[in-house]
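# Close look at the chain arrangement
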Amino acid sequence: MCGIVGYVGRSEAAPILLDGLRRLEYRGYDSAGVAIVDGDHIETRKCAGRIAELGKLMAAKPPTGTYGISHTRWATHGKPTDQNAHPHFDASGKLALVHNGVIENYQALKDQLILDGDRNFSSETDTEVLAHLIGKLYDASASEAPAASNGNAAATLPNKKGRLVDAVRAALRQVIGTYGIALVHSDIPDFIVGARRGSPLVLGVGKDENFLASDVSAIVAHTRDAVYLNDFDVVAVERDKFEISSVAGEAGNYQLSKVEFTDADIKKGDYPHYMLKEIFEQPGSVRDAMRGRLSPEECTAKLGGLNMTPAQLRDVGRIVLTGCGTALHAGMIGEYLIEQLAQIPTEVEYASEFRHRNTPMTRDTLVFAISQSGETADTLGALRESRRKGYRTLGICNNVASTIARESDGGVYMHAGPEIGVAATKSFTSQVAILTTIGLLLGRMRHLSTSEGTRIIDALEALPAQIEEVLKLSDQIKAIAKKYASVPGMLFFGRQFNFPVALEAALKLKEITYLFAEGHPSAELKHGIIALVRPDLPSVFIAPDDAVFSKNVNNIEQVRARKGPVIAITSGKGAKHLAKIADDIVTIPNVPDYVSPILTVIPLQLLAYHLAVELGRDVDKPRNLAKSVTVE
Ligand code: F6R
């Protein structure tokens, strides 16, 4: 959700910033821009549209200079126009700023600036107001006492640099809202200031060069040494040094981390789209989600990252799983899993609702915040609210060192590798695999026998090879997608563990094909949805050979009786049966019900993918969407 990149070093900034933006394009693609300081003036290129458009602008008239900032936008305030594209300038035109987040009180700040005589706004954005405010405070400080005398953390910086950092702090103290920002001033050579609150910002530490970025993937080609900034950090960045302090002016603490993936991990390779690459990575990502976490000797799972003693785990009386979108759907499967395997009452809460409502909680409630990015604003809000109320809150995250991972009391990393396609795929199966290990661990502490524990471990360990089998069906699914390419939408149905898969399949289809899609429990069909059934609207049934197979068959018959086409995802004996009544069937390996969502979802990810390609959609960057939703 907006991406920012900053660079200060000895190389030309333009190619580094442009390449960084390309890697962050998944965060937003409404407009893009760069500001590079060339001597005593700032060269800006910005435009509405994709980064490819910005690339053309920059190629036509390359900006030169060895430090600068850049931005790719997901519009919040103001339409995606050239004017609203970042960077934005202060009134003097010497300070350029890029911003990820929302300045909620921007109108009040703008009104005050106007009252003070500043009417020189050229965009509709909240960001421009912040640029003006910082610029005004910086200019005003020229006539005040030098920064070295004010006793705060900027005191170690020479005058202009210290004054700029002070102005940033003073402005941010007036801001209500969220921000990850980077700014340059044409009077201050080789100097960038960054700050964050609520939106991620990472400092990349190089040799004679340093970087700022919303996500390490933008800079991992240059350095794997990173400092993940905390909320209210302000960082002053130069070529060969940096200084971190807080918005309040205190000296900051930081930790240098090694980025766990390399540049090669974020390349598309031979795949036409990241989404397809990530779908095909699932044998490995599911294996990595379980690696070192299964103990066949003790027939249980080992999850040291939870930071809980066996006694504390035994005392858990209730679980709340919270997240958004795909992560929420994984949580819904988690509810079935934990209740079946551990018999612990479990609820799933939309993070956006949970954070604002007064959910009854008991002292023995354990909360899990599920998030691939670890930065989703609503999930982070839910985590903070839950911790504020004193509940132990754990994270299930993919991005190591993300805000949710850092702010939770413990958790489980997915280790799925970078997920760049905007539509989540491999993170979903990793989340479900992890929730199964949590169910196994908690179950084995309660009533699950050693043989049941062993059966679950065997089922989990067999998954990577079974996913390989499912992936071999890609061409068959492509043919089905071609056959149904002109449908107006699709309905998805499943029962038990596969009801959330129906929701997830519908979400995938909506996101990347823009077709209407709904997911429902199969039995709900007759309570209203059947009115939608018609000859040109396929119903997709997730009907593996499990305990509720015959119930699903009843529902399929109800659709057939009304001339609705049926596509079935099935397994085992289901294949023979459904071959007679469904229009198309996809047969996957037969597995125990509690692991089946990890297999059943894959043909549906592929169906959405192939249909989107068939319809000519931009699979990795679907309309209006962005990955990592850091605004509410
Ligand atoms: C769907 C999708 C979104 C995310 C949701 C939560 O394909 O990508 O629905 O699942 O925005 O994101 P994370 O998991 O990063 O919190």
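Sequence positions are assigned chain by chain, starting from 1 and proceeding in written order. The predicted nature of this model means local features are confined to residues of pLDDT at least 70 and side-chain atom pairs, given and counted, to a pLDDT of 80 or more, with totals for whole chains, interfaces and linings taken over all residues. Derived side-chain values reflect all non-hydrogen atoms in the structure, with water molecules and hydrogen atoms excluded from consideration.

Take the domain arrangement of the protein chain next. Many authors give the size of an interface as the accessible area that is lost as the parts come together. By convention here, the domain bounds are inherited from an automatic or database domain assignment. Here the protein chain is described as being made up of domain 1 (3–262), domain 2 (268–470) and domain 3 (473–618). Relative to domain 2, the C-alpha centre of domain 1 lies at a distance of 35 Å. In this description, contact between two residues means that some pair of their heavy atoms is separated by no more than 4.5 Å. Each side of the interface is counted separately: domain 1 has ten residues, and domain 2 has eleven residues. Among the residues of domain 1 in contact with domain 2, Tyr26, Tyr228 and Glu260 are the three that bury the most area, contributing 43% of the side total. Buried area: the sum, over both parts, of the accessible surface (1.4 Å probe) that disappears when the two are put together.

Further remarks concern helix H13 (residues 426–444). Each helix is a run of DSSP H or I of at least 4 residues and each strand a run of E of at least 2, with the numbering of both proceeding from the N terminus. In this scheme, a helix's expected span is set at 1.5 Å multiplied by one less than its residue total. Here H13 contains 19 residues, and its C-alpha end-to-end distance of 27 Å stays within 8% of the 27 Å for a straight helix at 1.5 Å per residue. With 18 of its 19 residues buried, H13 lies for the most part within the structure. Exposure classes here rest on a 1.4 Å probe applied to the protein chains alone. A residue is buried below 20% of its type maximum, exposed above 50%, and partly exposed in between.

Relative to strand S18 (residues 346–350), strand S17 (residues 318–323) runs parallel, the two being bridged by five bridges. By the bridge assignment, isoleucine 319 is partnered in S18 with threonine 346. In the classification by handedness, the crossover that spans S17, the intervening helix H9 (residues 325–342) and the parallel S18 is right-handed. What makes two strands pair is DSSP finding at least two bridges between them. Consider the strands pointing away from the viewer: the crossover is right-handed when the path from the first strand over the helix to the second runs clockwise.

Sheet strands pair by backbone hydrogen bonding; their relative direction is either parallel or antiparallel. In spatial order, the strands read S18-S17-S19-S20-S21; together these five strands make up an open sheet with parallel pairing. Two strands close off the open sheet at either side, each with one partner strand: S18 and strand S21 (411–413). In this sheet, neighbouring strand axes are inclined to one another by 20° on average, regardless of whether the strands run parallel or antiparallel. Both strand S19 (residues 365–371) and strand S20 (residues 392–397) contribute to a ladder of six bridges, which runs parallel. By the bridge assignment, alanine 369 is partnered in S20 with glycine 395. Axes, fitted as lines to C-alpha atoms, cover a helix only where it is in contact. Angles between the N-to-C directions of the axes lie from 0 to 180 degrees. Across the face of the sheet, helix H11 (residues 377–388) comes into contact with S17, S19 and S20 while running at roughly 160° to S19.

What follows is about the sheet that holds strand S10 (residues 210–213). The sheet built from eight strands is open, its strands ordered S3-S2-S4-S1-S10-S9-S11-S14 with antiparallel pairing. Sheet topology places strand S3 (41–48) and strand S14 (257–258) at the edges, where each strand pairs with a single neighbour. Here helix H1 (residues 13–24) sits on the sheet and contacts strand S1 (3–8), strand S2 (31–38), strand S4 (67–73) and S10; the angle it forms with S1, its principal contact strand, is near 155°. The strands that helix H2 (residues 51–60) touches are S2, S3 and S4; relative to S3, the one it contacts most, it runs at about 140°.

Moving on, we come to the site of the ligand. Around the ligand lies a shell of 15 residues, among which Ser371, Gln372, Ser373, Thr376 and Glu511 are the nearest. One of the backbone N or O atoms of glutamine 372 is found 2.7 Å from an oxygen atom in the ligand. Any pair of nitrogen or oxygen atoms within 3.5 Å is treated as a polar contact; in protein, a donor-acceptor pairing is required on top of that, and neighbouring residues in sequence qualify only through side-chain atoms on both sides. One of the side-chain N or O atoms of threonine 376 is found 2.4 Å from an oxygen atom in the ligand. Note on areas: Shrake-Rupley, 1.4 Å probe, and residue coverage restricted to the protein chains presented here. When isolated, the ligand has an accessible area of 400 Å², and the protein chains bury 88% of it. The residue makeup of the shell around the ligand includes at least three contributed by each of domain 2 (268–470) and domain 3 (473–618). The criterion for a residue being near a molecule or strand is simple. One of its heavy atoms has to lie within 4 Å of it.

Further remarks concern the pairing of S4. Extensive coverage of S4 is indicated by the burial of seven of its seven residues. Side-chain alternation along S4 places Tyr67, Ile69, His71 and Arg73 on one buried face and Gly68, Ser70 and Thr72 on a second face that is also buried. Here S1 runs beside S4; their pairing, made up of six bridges, is antiparallel. Along S4, the bridge assignment pairs valine 5 with serine 70. Inspection of the sheet shows S2 paired to S4 by six bridges, in the antiparallel sense. Each bridged residue has a counterpart across the sheet, and for alanine 35 the counterpart in S4 is isoleucine 69.

By the secondary structure assignment, serine 214 is in the loop between S10 and strand S11 (225–228). Using a relative accessible area of 5% as the deciding quantity, one classes serine 214 as buried. Among the polar contacts made by the side chain of serine 214, one reaches the main-chain amide nitrogen of isoleucine 4 at a distance of 2.8 Å. With residues near it in sequence (within four places) discarded, serine 214 still touches Cys2, Gly3, Ile4, Leu24, Arg27, Asn100, Pro200, Leu201 and Val202.

With that settled, the discussion passes to the nonpolar core. In a soluble, globular protein the nonpolar side chains are often hidden away together inside. Only buried residues count toward a nonpolar core. Its members are Ala, Val, Leu, Ile, Met, Phe, Trp, Tyr and Cys residues joined through side-chain atoms within 4.5 Å. Counting residues in hydrophobic clusters, the biggest one holds 90 residues, and the most contacted among them are Ile319, Phe368, Ile438, Met490, Phe492 and Leu604. Broken down by element, the residue count for this core peaks at eleven residues, all from helix H19 (residues 596–614). Formed jointly, this core draws a minimum of three residues from each of two domains, domain 2 (268–470) and domain 3 (473–618). Apart from residues no more than four positions distant in its own chain, phenylalanine 492 is found in contact with Ala502, Ala505, Ala506, Leu509, Ala517, Glu518, Gly519, His520, Val540 and Leu604. Counting 32 residues, the second largest nonpolar core, distinct from the first, contains Leu17, Leu21, Val34 and Ala218.

With that settled, consider the packing of aromatic side chains. Stacked, tilted and edge-to-face are the three classes assigned to paired rings of Phe, Tyr and Trp, where Trp is represented by its six-membered ring and a pair needs centres within 6.5 Å; plane angles under 30 degrees give stacked, over 60 edge-to-face, the rest tilted. Scanning all chains against the criterion turns up five aromatic pairs. Seen in terms of ring centroids, tyrosine 336 and phenylalanine 497 are 5.7 Å apart; in terms of plane orientation they differ by 45°. Their pairing is tilted. Residue tyrosine 336 is located in helix H9, and its partner phenylalanine 497 is located in the loop between strand S22 (489–494) and helix H16 (499–513); the two are separated by 161 residues in the primary sequence. Residue class for tyrosine 336 comes out partly exposed when judged on its relative accessible area of 28%. Phenylalanine 497 gets classed as buried once you look at its relative accessible area, which sits at 3%. Their ring planes at 25° and their centres at 4.9 Å tell us that phenylalanine 493 and phenylalanine 541 sit as a pair that is stacked. Remark: phenylalanine 541 occurs in strand S24 (residues 539–543) and phenylalanine 493 occurs in strand S22; sequence separation between them is 48 residues. The exposure class of phenylalanine 541 is buried, given its relative accessible area of 0%. The ring of tyrosine 138 has arginine 163 sitting right over it, with the charged end atom 4.3 Å from the ring centre. The ring of tyrosine 514 is capped by arginine 623, whose NZ or CZ atom sits 4.0 Å from the centre of that ring. Remark: a charge is flagged as sitting over a ring if the NZ atom of Lys or the CZ atom of Arg is within 6 Å of the ring centre and within 35 degrees of the ring normal.

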